[in-house]
Amino acid sequence: MNFFLKIFGRHSSLSFKILIFAVSVFALSASAHAKPESADISITGVFGYDGYFKDDKPAPLKIRISNSGEMFDGWVLANLESWIPSTYYTRPLRIPPGGSYDVEFASFGCSYGNICEVPIELYLSDGSLLKTAVFPSYRLMNLDSLVLHIGNPPSDLWSLFNGLSPGILSLIRTGFETNLQALDYVPKIFPVVVDKNDLPQNPILLDPASLVAVGLHDYLDFTPEMKDLILAYVRHGGNLLIY
């Protein structure tokens, strides 16, 4: 009797171990093939500055992709085939659960219309489309002025929108009154407040700005890289106001 109990006990222990091993392999296999769901991925972004851009100057396309689901392996694609220059921007991505990834592209504005849509597509590693997002952007005319204020301004800047553009004042001073009479569009000033951490990495992407303004206290808190970015913008012909 004891002999049969020992044999049965041995086989039971072995069977239990085999069962645990099989369950573990299945769990690992399921985990390895688990894919994030579309609802687990969020895509936020903006082209230009608060959506404003000038079609003759490159502007940043900034995207943040956040993952609340399974490990994401794939790539992000900015489909700009209708833009000038026509192209696709791609970037491989690997985002762990609870993580996020910031992407910065650069592009000129769309080739037609004053209001454009920037389509962003997210693909899994097997090539299947997981999610899309669309961000609107707004073209400014060449005579419009885009004013970037870094950090919180001391007062509302939108009062600038009600005044004459410096471009118009410059034309008046140089004696082009007759040309002004032929204009169907009155240039405007578009102020945009920018967080210092949202500045582009490439100084050329600040070219759409007619003026960059920042308080002295905020400027002194800039990192050396931020100061180099602003000074490179000035060296490229940009205007800087530190007050």
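Computed from a predicted model, the values in this text were never measured in an experiment. (Residues numbered from 1 in each chain as written. Predicted model: local features only at pLDDT ≥ 70, side-chain atom pairs only at ≥ 80, totals over all residues. Heavy atoms only, no water.)

This brings us to the sheet that holds strand β4 (residues 72–80). With mixed pairing, the 5 strands of this open sheet are ordered in space as β2-β8-β7-β4-β5. Two strands in the sheet have a free side with no partner beyond their single neighbour: β2 (52–53) and β5 (87–95). Across 9 bridges, strand β7 (residues 115–124) lies against strand β8 (residues 129–139) in antiparallel orientation. Residue pairing in the sheet places E121 in a bridge with T132 of β8. (Pairing = 2+ DSSP bridges. Helix = DSSP H or I, 4+ residues; strand = E, 2+ residues; numbered from the N terminus.)

Attention shifts here to the environment of V134. Considering the arrangement of structural elements, one finds V134 in strand β8. Considering only alpha carbons, one finds V134 and A78, 56 residues apart in sequence, at a separation of 9.9 Å. Those residues within four positions of V134 in sequence are excluded, and the remaining contacts are E117, V118 and P119. (Contact = heavy atoms within 4.5 Å.)

Our focus in this paragraph is the pattern of salt bridges. With the rule as written, the count across this model stands at 3 salt bridges. Between K62 and E104 there is a salt bridge, with its nearest N and O atoms 2.9 Å apart. Highlighted residues: K62 in strand β3 (residues 59–67) and E104 in strand β6 (residues 100–107), separated in sequence by 42 residues. The class of K62 is partly exposed, set by a relative accessible area of 22%. The salt bridge involving R64 is made with D102; its shortest N-O contact spans 2.6 Å. You can see R64 sitting in strand β3 and its partner D102 sitting in strand β6, a full 38 residues away along the chain. Among the residues examined, D102 registers a relative accessible area of 45% and is labelled partly exposed. (Salt bridge = Lys/Arg side-chain N within 4 Å of Asp/Glu carboxyl O. Buried < 20%, exposed > 50% of the residue type's maximum accessible area, 1.4 Å probe, protein only.)

What follows deals with a nonpolar patch on the surface. Where nonpolar side chains cluster on the molecular surface, the patch consists of L216, L220 and I242 and spans about 260 Å² of accessible area. As for its position among the elements, I242 is in strand β12 (residues 240–242). Residue I242 is classed as partly exposed on the basis of its relative accessible area of 34%. (Patch = residues over 30% accessible without salt bridge, like charges linked within 9 Å, V, L, I, M, F, W, Y side chains within 5 Å. Areas by Shrake-Rupley, 256 points an atom, 1.4 Å probe, with all protein chains shown as cover.)

Core analysis: the largest hydrophobic core is formed by 25 residues, its most contacted members being I43, I65, I120 and L122. A total of 5 residues in this core trace back to one element, the largest contributor, which is β7. In contact with L122, other than residues within four places in its own chain, are I41, I43, I65, F72, W75, V76, L93, S128, L129, L130 and K131. Core analysis: the second largest hydrophobic core is formed by 21 residues, L140, L206, I230 and Y233 among them. (Core = buried A, V, L, I, M, F, W, Y, C linked by side-chain atoms within 4.5 Å.)

The subject of this paragraph is the packing of aromatic side chains. Where two aromatic rings form a pair, the distance of their centres and the angle of their planes describe that pair. Inspection of the entire model under this criterion finds 8 aromatic pairs. By way of ring pairs, the aromatic residues Y52, Y138, W158, F161 and F190 are connected into one cluster. The ring of F161 has K188 sitting right over it, with the charged end atom 5.3 Å from the ring centre. Directly above the ring of Y219 sits K227, whose terminal nitrogen or CZ lies 5.5 Å from the centroid. (Phe/Tyr/Trp six-rings, centres within 6.5 Å; stacked < 30°, edge-to-face > 60°. Lys NZ or Arg CZ within 6 Å of the ring centre and 35° of its normal.)

This brings us to the side chain of S137. Here S137 shows up in strand β8. Beyond its immediate sequence surroundings of up to four residues, S137 is in contact with F47, G51, F53, N114, I115, C116 and V118.

Averaged over the protein, the pLDDT score is 81; the fraction of residues at 70 or greater is 72%. Segment residues 2–11 is flagged for pLDDT under 50; beyond a separation of four residues in sequence, or across chains, it makes 0 contacts in the model. For the stretch residues 16–32, pLDDT sits under 50, and the model shows 0 contacts to residues farther than four places along the chain or on other chains. (pLDDT = per-residue confidence, 0-100.)

It is worth spelling out the sheet that holds β12 at this point. Taken in spatial order, the 4 strands make up an open sheet running β10-β9-β11-β12, and their pairing is parallel. Of all strands in the sheet, those with a lone pairing partner are β10 (189–194) and β12, marking the two edges. Sheet twist, expressed as the mean angle between neighbouring strand axes with direction ignored, is 20 degrees. As paired elements, strand β9 (residues 145–150) and β10 share 6 bridges and run parallel to each other. (Axes fitted to C-alpha atoms, helices over the stretch in contact; angles between N-to-C directions.)

A word on helix α5 (residues 224–235). An ideal rise of 1.5 Å per residue puts 16 Å on 12 residues; α5 measures up with 16 Å between its terminal C-alpha atoms. If you check which residues of α5 are buried, you get M226, L229, I230, A232 and Y233. On an axial view of α5, the arc spanned by its buried residues comes to 160 degrees, and they lie on one face. Opposite the buried face of α5, at more than 90 degrees from it, the exposed residues are P224 and R235. Turning to α5, the residues buried within the fold contact β9, β11 (211–214) and β12. (Expected span 1.5 Å × (residues − 1). Arc of directions from axis to C-beta.)

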